[in-house]
Amino acid sequence: MKKNKIVFTGGGSAGHVTPNIAIMNKLKAKGWDITYIGSRKGIEEDIITKENIPFHGISSGKLRRYFDWKNFSDPLKIMKGAMEAYFILRKEKPRVVFSKGGFVTVPVVVAAKMLKIPVIIHESDITPGLANKIATKFATKVFVTFDETLKHFPSDRVLFTGSPIREELFKGREAEGRAWLGFHEPKPILTIMGGSLGAKKINETVRKILPTLTASFQIVHICGKGNVDQSFQNKKGYKQFEYISDELPDILAASQYIISRAGANSIFEFLALRKPMLLIPLSRAASRGDQILNANSFEKKGFAKVLLEEELNETSLSAKIQELQKEKEVLVGNMEKDSAPNTLEIILSEIIKIAK
Ligand SMILES: CC(=O)N[C@H]1[C@@H](OP(=O)(O)OP(=O)(O)OC[C@H]2O[C@@H](n3ccc(=O)[nH]c3=O)[C@H](O)[C@@H]2O)O[C@H](CO)[C@@H](O)[C@@H]1O
């Protein structure tokens, strides 16, 4: 077995990748050697190679609980992925595989189990996704972001850690953010983030009320790959991006308000940065409803306002933004009182314990 090697996996959307960065950077600083396995051509390849971490791409397929013609071809892709993962792990000989979820992780954890390599998984959402449900069967330990999630996993293997947040996010500089955006007016900045892959209905509704919005705010709109609308490119006080990487800390530092999907990692980042947020969770029609639970938990704790996608239209969005402005101080006050666990320390010490 090679000394000090840990393999990370996770992908499909940025939420299954960015928390790994927080942990990998800390482990690297402690002298651990890190390698990543993700899907070929997935969002993870770009994000991870930018971090200078060796990346192995494998074949991956989606697991579905509903009929789709791809249900015939995807199992073959998953089997191919498992074989590829098996040979990578056999060569890399890590002490632990850390899996952040997403379909690509299933073949990796299966291969790790075959090679008797301990597996740790992290579940970000209140209820476990299908990939993590399967992966749990092969896991030595399961970390969870929400304490409400503890009941969904075997009590002897689950640990409440909270959400690992990249350190860079706390180093944002407001003035640099405003300068980079070219926002020089005193109006507050409202950042709209439709999840790491974008959100069509949020994008459309925002653009419909843009004249009203830009009268009160300067708008940063992260709309997802292929969703930038060229007809709004020269609109004053409105900047669109497909995805923001290195500049995100500065932009969040410059933002007074956030409108976002309720992806677990994003909302814990906004909480840590004390940003008043309006959450528009992905609907049950398009998901298993995990974001609705995430959003409801944040609303109940007084950290966020929530607008359901089914109720999203120009009028409801405008009204909720006004509520957000009115309740800003209360929301920030509640966030200030939150005592988050010492996530990175807990996670690092558990990983190292299992790796030894
Ligand atoms: C459509 C879908 O299945 N969404 C799921 C996915 O969301 P998604 O991938 O959108 O994940 P999150 O909102 O949890 O995290 C997104 C991450 O990407 C970063 N980011 C985002 C946009 C950007 O321009 N730049 C950037 O760096 C955010 O700071 C955050 O760290 O994983 C989450 C965590 O399991 C789930 O809660 C979501 O339900």
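Residues numbered from 1 in each chain as written. Predicted model: local features only at pLDDT ≥ 70, side-chain atom pairs only at ≥ 80, totals over all residues. Heavy atoms only, no water.

Points about the nonpolar core
Operational definition: Throughout this description, the term nonpolar core refers to a set of buried Ala, Val, Leu, Ile, Met, Phe, Trp, Tyr and Cys residues connected via side-chain atoms within 4.5 Å. Using a 1.4 Å probe on the protein chains alone, a residue whose accessible area is under 20% of its type maximum counts as buried, one over 50% counts as exposed, and one in between counts as partly exposed. By the convention used here, residues are in contact when the closest approach between their heavy atoms is within 4.5 Å.
Counting 54 residues, the largest nonpolar core has V220, M277, F298 and L317 as the members making the most contacts within it. Dropping the residues within four chain positions of it, V220 is found in contact with L181, F183, I189, L190, T191, I192, K239, F241, I244 and I251. Counting residues in hydrophobic clusters, the runner-up holds 27 residues, among them A22, Y36, V96 and L344.

So, the domain arrangement of the protein chain
Test applied: Just so you know, the domain bounds were taken from an automatic or database domain assignment. Accessible surface is computed with a 1.4 Å probe, and the buried area is the amount of it that two parts give up when combined, taken over both parts together. Salt bridge, as used here: a side-chain nitrogen of Lys or Arg that lies within 4 Å of a carboxyl oxygen of Asp or Glu. Helix and strand assignments follow DSSP, with helices taken as H or I runs no shorter than four residues and strands as E runs no shorter than two, numbered in order from the N terminus. For this classification, Asp, Glu, Lys and Arg are treated as charged, while Ala, Val, Leu, Ile, Met, Phe, Trp, Tyr, Cys and Pro are nonpolar and the rest, including Gly, are polar.
For the protein chain, the assigned domains are domain 1 (5–162 + 341–355) and domain 2 (171–337). Here the C-alpha centre of domain 2 lies 28 Å away from the C-alpha centre of domain 1. With 20 residues of domain 1 at the contact, the number on the domain 2 side is 16 residues. Summed over both sides, the interface of domain 1 with domain 2 buries roughly 1,300 Å², with 54% coming from carbon and sulfur. Sorting the residues of domain 1 by area buried against domain 2 places D125, I126 and F146 first, and these three jointly supply 32% of that buried surface. For the pair domain 1 and domain 2, the interface holds two salt bridges. Salt-bridge contacts for D125 lead to R288; the nearest nitrogen and oxygen are separated by 3.9 Å. It is helix 2 (residues 43–50) that provides the largest number of residues to the side of domain 1 that touches domain 2, a total of three residues. A class-by-class count of the residues in the side of domain 1 that touches domain 2 yields seven nonpolar, eight polar and five charged.

A closer look at the site of the ligand
Quick note on the threshold: By convention in this text, a residue qualifies as near a molecule or strand provided that one of its non-hydrogen atoms is within 4 Å of it. For accessible areas, the Shrake-Rupley method is used with a probe of radius 1.4 Å. Any residue's cover is judged against the shown protein chains and nothing else.
As a matter of local geometry, the ligand sits amid 24 residues, with S13, T18, D125, S266 and E269 nearest to it. In the complex, 89% of the free accessible area of the ligand, which totals 770 Å², lies under the protein chains. Only helix 10 (264–272) and helix 11 (290–300) provide two or more residues apiece to the shell around the ligand. In terms of residues, the shell around the ligand owes the most to one element, helix 10, which gives four residues. Split by residue class, the shell around the ligand holds eight nonpolar, 12 polar and four charged. Looking at the shell around the ligand, you find at least three residues from each of domain 1 (5–162 + 341–355) and domain 2 (171–337).

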